[in-house]
Amino acid sequence: MSRNPLRNIPSVNELLESPPLRRLVDRISHNVVVSTVRNVLDEVRSEVQHAATDMTLPSVSELADRVARRISEAELPPLRPVINATGILLHTNLGRAPLAEEALAEISAVARDYASLEIDLASGRRSRRVVAVEGLLVQLTGAEAALVVNNNSAATMIALAAVAAGREVIVSRGELVEIGGSFRLPDVMAASGAVLREVGTTNKTRASDYQAAINERTAALMLVHPSNYAVVGFTESASLAELVEIGRKHRLPVIHDVGSGAMFDFSQFGFPGEPAAPQSIQTGADLVLFSGDKLLGGPQCGILVGRRSIIEQISKHPLARALRVGKLTLAALSATLRLHRDPERARRAIPLLHLLTTSVENLENRAKRLAPQIAAAPAVAAAEAIASTTFFGGGSLPTQEIATWCVAVQPNEMSVDRLATALRLGTPAVMGRIQQGRLLLDLRSVMPRQDQELVAALGGVTGGS
Ligand SMILES: *Cc1c(COP(=O)(O)O)cnc(C)c1O
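Cut-off values and rules
Residues numbered from 1 in each chain as written. Predicted model: local features only at pLDDT ≥ 70, side-chain atom pairs only at ≥ 80, totals over all residues. Heavy atoms only, no water. Helix = DSSP H or I, 4+ residues; strand = E, 2+ residues; numbered from the N terminus. Buried < 20%, exposed > 50% of the residue type's maximum accessible area, 1.4 Å probe, protein only. Areas by Shrake-Rupley, 256 points an atom, 1.4 Å probe, with all protein chains shown as cover. Lys, Arg positive; Asp, Glu negative; His and termini not counted. Charge placed at Lys NZ, Arg CZ, Asp CG, Glu CD. Salt bridge = Lys/Arg side-chain N within 4 Å of Asp/Glu carboxyl O. Near = heavy atom within 4 Å. Polar contact = N/O pair within 3.5 Å; in protein donor to acceptor, adjacent residues only side chain to side chain. Nonpolar A, V, L, I, M, F, W, Y, C, P; charged D, E, K, R; others polar. Axes fitted to C-alpha atoms, helices over the stretch in contact; angles between N-to-C directions. Parallel < 35°, antiparallel > 145°, perpendicular 65-115°, else oblique. Left-handed = near helix turned anticlockwise from the far one by under 90°. Contact = heavy atoms within 4.5 Å. Domains from an automatic or database assignment. Pairing = 2+ DSSP bridges.

**Focus on the overall build of the chain**
Phase 1 of the analysis: Each helix and strand counted, the chain has 19 helices and 17 strands in total.
Phase 2 of the analysis: Along the three orthogonal principal directions, the C-alpha set of the chain runs to about 90 × 50 × 50 Å.
Phase 3 of the analysis: In the chain, buried positions account for 47% of the 465 residues.
Phase 4 of the analysis: Summing over all exposed atoms, the chain offers an accessible surface of approximately 22,500 Å²; the carbon and sulfur share of this is 50%.
Phase 5 of the analysis: Between the averaged position of the 48 positive side-chain charges in the chain and that of its 46 negative side-chain charges there is a distance of 4 Å.

**Some details on the pattern of salt bridges**
Phase 1 of the analysis: The tally for this structure, following the rule as stated, stands at 26 salt bridges.
Phase 2 of the analysis: Glu118 serves as the salt-bridge partner of Arg129, at 2.8 Å between the closest nitrogen and oxygen. Of this pair, Arg129 sits in the loop between β3 (125-126) and α6 (131-141) while Glu118 sits in the loop between α5 (101-112) and β2 (119-120), and the two are 11 residues apart along the sequence. As far as burial versus exposure is concerned, Arg129 and Glu118 are alike and both buried.
Phase 3 of the analysis: Across the pair Glu144 and Arg307 runs a salt bridge whose closest N-O atoms are separated by 3.6 Å. Highlighted residues: Glu144 in the loop between α6 and β4 (145-149) and Arg307 in the loop between β12 (302-306) and α12 (308-315), separated in sequence by 163 residues.
Phase 4 of the analysis: When its relative accessible area of 29% is taken as the criterion, Arg307 is described as partly exposed.

**A short note on the site of the ligand**
Phase 1 of the analysis: The environment of the ligand is made up of 13 residues, and the closest members are Ser153, Ser227, Asp257, Ser291 and Lys294.
Phase 2 of the analysis: Within the side chain of Arg96, an N or O atom sits 2.8 Å from an oxygen atom of the ligand.
Phase 3 of the analysis: Contact distances for the ligand include 2.8 Å between an oxygen atom and a side-chain N or O atom of Ser291.
Phase 4 of the analysis: Taking 390 Å² as the accessible area of the ligand by itself, protein coverage stands at 96%.
Phase 5 of the analysis: At the level of elements, α7 (152-164) and β10 (254-259) are the ones that each hand at least two residues to the shell around the ligand.
Phase 6 of the analysis: Its residues assigned to classes, the shell around the ligand comprises three nonpolar, seven polar and three charged.

**Brief notes about the packing of helix α3 (residues 30-50) against helix α4 (residues 60-75)**
Phase 1 of the analysis: α4 packs onto α3 with a crossing angle of 125° between their chain directions and a minimal axis gap of 9 Å. Classified by the angle between their axes, α3 and α4 sit oblique to one another. Read as a crossing pair, α3 and α4 show a hand that is right-handed. Contacts from Val32, Val33, Thr36, Val37, Val40, Leu41, Glu43, Val44 and Glu47 in α3 reach Leu63, Arg66, Val67, Arg70 and Ile71 in α4.
Phase 2 of the analysis: For the contact of α3 with α4, the class distribution of residues is nine nonpolar, one polar and four charged.

**Description of the domain arrangement of the chain**
Phase 1 of the analysis: Splitting the chain by domain gives domain 1 (5-75), domain 2 (82-93 + 356-459) and domain 3 (99-349).
Phase 2 of the analysis: On a C-alpha basis, the centroid separation for the pair domain 1 and domain 3 is 54 Å.

**Considerations on unusual backbone geometry**
Phase 1 of the analysis: Here the bond from Thr427 into Pro428 is cis, since omega is -5°, no more than 30 degrees from zero.
Phase 2 of the analysis: Along the chain, the position of Pro428 falls in the loop between α18 (416-424) and β15 (429-431).
Phase 3 of the analysis: You will see that Arg96, though not glycine, has its phi angle at about 50°, which is positive.
Phase 4 of the analysis: With respect to the helices and strands, Arg96 occurs in the loop between β1 (82-84) and α5.
Phase 5 of the analysis: Residue classification places Arg96 among the buried positions, given a relative accessible area of 19%.
Phase 6 of the analysis: Of note in the backbone geometry, Gln436 takes a positive phi value of approximately 45° without being a glycine.
Phase 7 of the analysis: Here Gln436 shows up in the loop between β16 (433-435) and β17 (438-442).
Phase 8 of the analysis: When its relative accessible area of 77% is taken as the criterion, Gln436 is described as exposed.

**A word on the sheet that holds β16**
Phase 1 of the analysis: Here four strands make up an open sheet; going across it, the order is β13-β14-β17-β16 and the pairing antiparallel. The sheet is open, and its two edges are formed by β13 (380-390) and β16, each paired on a single side. For this sheet, the mean angle separating the axes of adjacent strands, direction not counted, is 35°.
Phase 2 of the analysis: Together, β14 (402-411), β16 and β17 form the strand contacts of α18, whose direction differs from that of β17 by roughly 40°.

**So, the packing of helix α2 (residues 19-27) against α4**
Phase 1 of the analysis: Between α2 and α4, whose axes approach to 9 Å, the crossing angle comes to 30°. Taken together, the axes of α2 and α4 are roughly parallel relative to one another. As for the relative orientation of α2 and α4, their crossing is left-handed in sense. Of the residues in α4, those touching α2 at Pro20, Leu21 and Leu24 are Ala64, Val67, Ala68 and Ile71.

Structure representation (structure tokens):
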């Protein structure tokens, strides 16, 4: 090389003088533009140094474009709305349950202004923050008292710490669950300071096994719903009623982690086997734990309902403040719970329940209407409506298939992975599922108001992206 190509790279000032970047300085900030220009120039310098042969340097206007694109990507919020066309209704990676309009309105009302979070407006005195929803939880579940924390993992952690630190909790070997990687019951138990006393075997645990394990160090009996798996075949487990009987005899509390937090019996929708929180209280559980964003269809939170003395003991534990929820969560939860007072209203207004109970005919009609519209997109070679099955996800009803209809999309001149990526990066982002070389857009988890957005998203995919 006779001359040094690094000398021909434009300076920071040259780039800043280019009209698109001058506009960005005015619109966003001088600092943001300067630091992005520096990063881009550093990259070019390193490209030049590592290039095997002489490379043509990008022009000032190409570099300015690169900087502008980088800045506008960084301006996008990292958390973006997604059209969930995976068919999985409670997709943990997609934030589980979408919220009802009523919940959104309540969040927005208390978010903008100060709120009566810990004030009793009638007396003007300080009150506890969960009072806002405690009454509703008590009314819906039949429990004496309630507490709300950050999620069900937090509910489990604080319950064990407050009730059983330094003492034993008896759990069946068949129920030592792992929920999504970082929640493993034995680890949560260890972190809480409670001592796990496993009884029975993986497939069989009898009431007599719990009975035989009770000693002077026992603090509680715990039953954990196998939310995301099923033990089938030669199996046996103790019922809640049996544990309640043993607990009463030995004056030990029975903790029931029901997981999904159904407020009513889901067998009416054709999905049996999910314990409902009110039934658990009625059967005599002393403390019932569940998530707010699973079958309840509300915001992420963990709900504890049960005996007043136990809830009070838990509320006084130092972790209670560390794990408490803010006004936005309480507002969304309170609106969701108010909808649950009337099961038919809940079914219509809570998106999760609405999606779950949408008729197969409705999905079929929509899939058949959308398929030709989607097939007309330039990036699409063919699209057809097909019947399929999906699952709840999010650790609920693991073995129960849900009937659905999808639009199966075959891309034009690009791989199906490439099409899936382009859709994920669109606005709004769209997530489908790939099956046998096609991208399935499953309408079970798509709200009807999103149908046309789906068509537009496919129409917006360009071959080069
Ligand atoms: C989902 C689940 C949890 C964890 O709840 P998060 O709200 O995700 O923290 C704990 N126990 C059971 C049985 C569950 O199903």
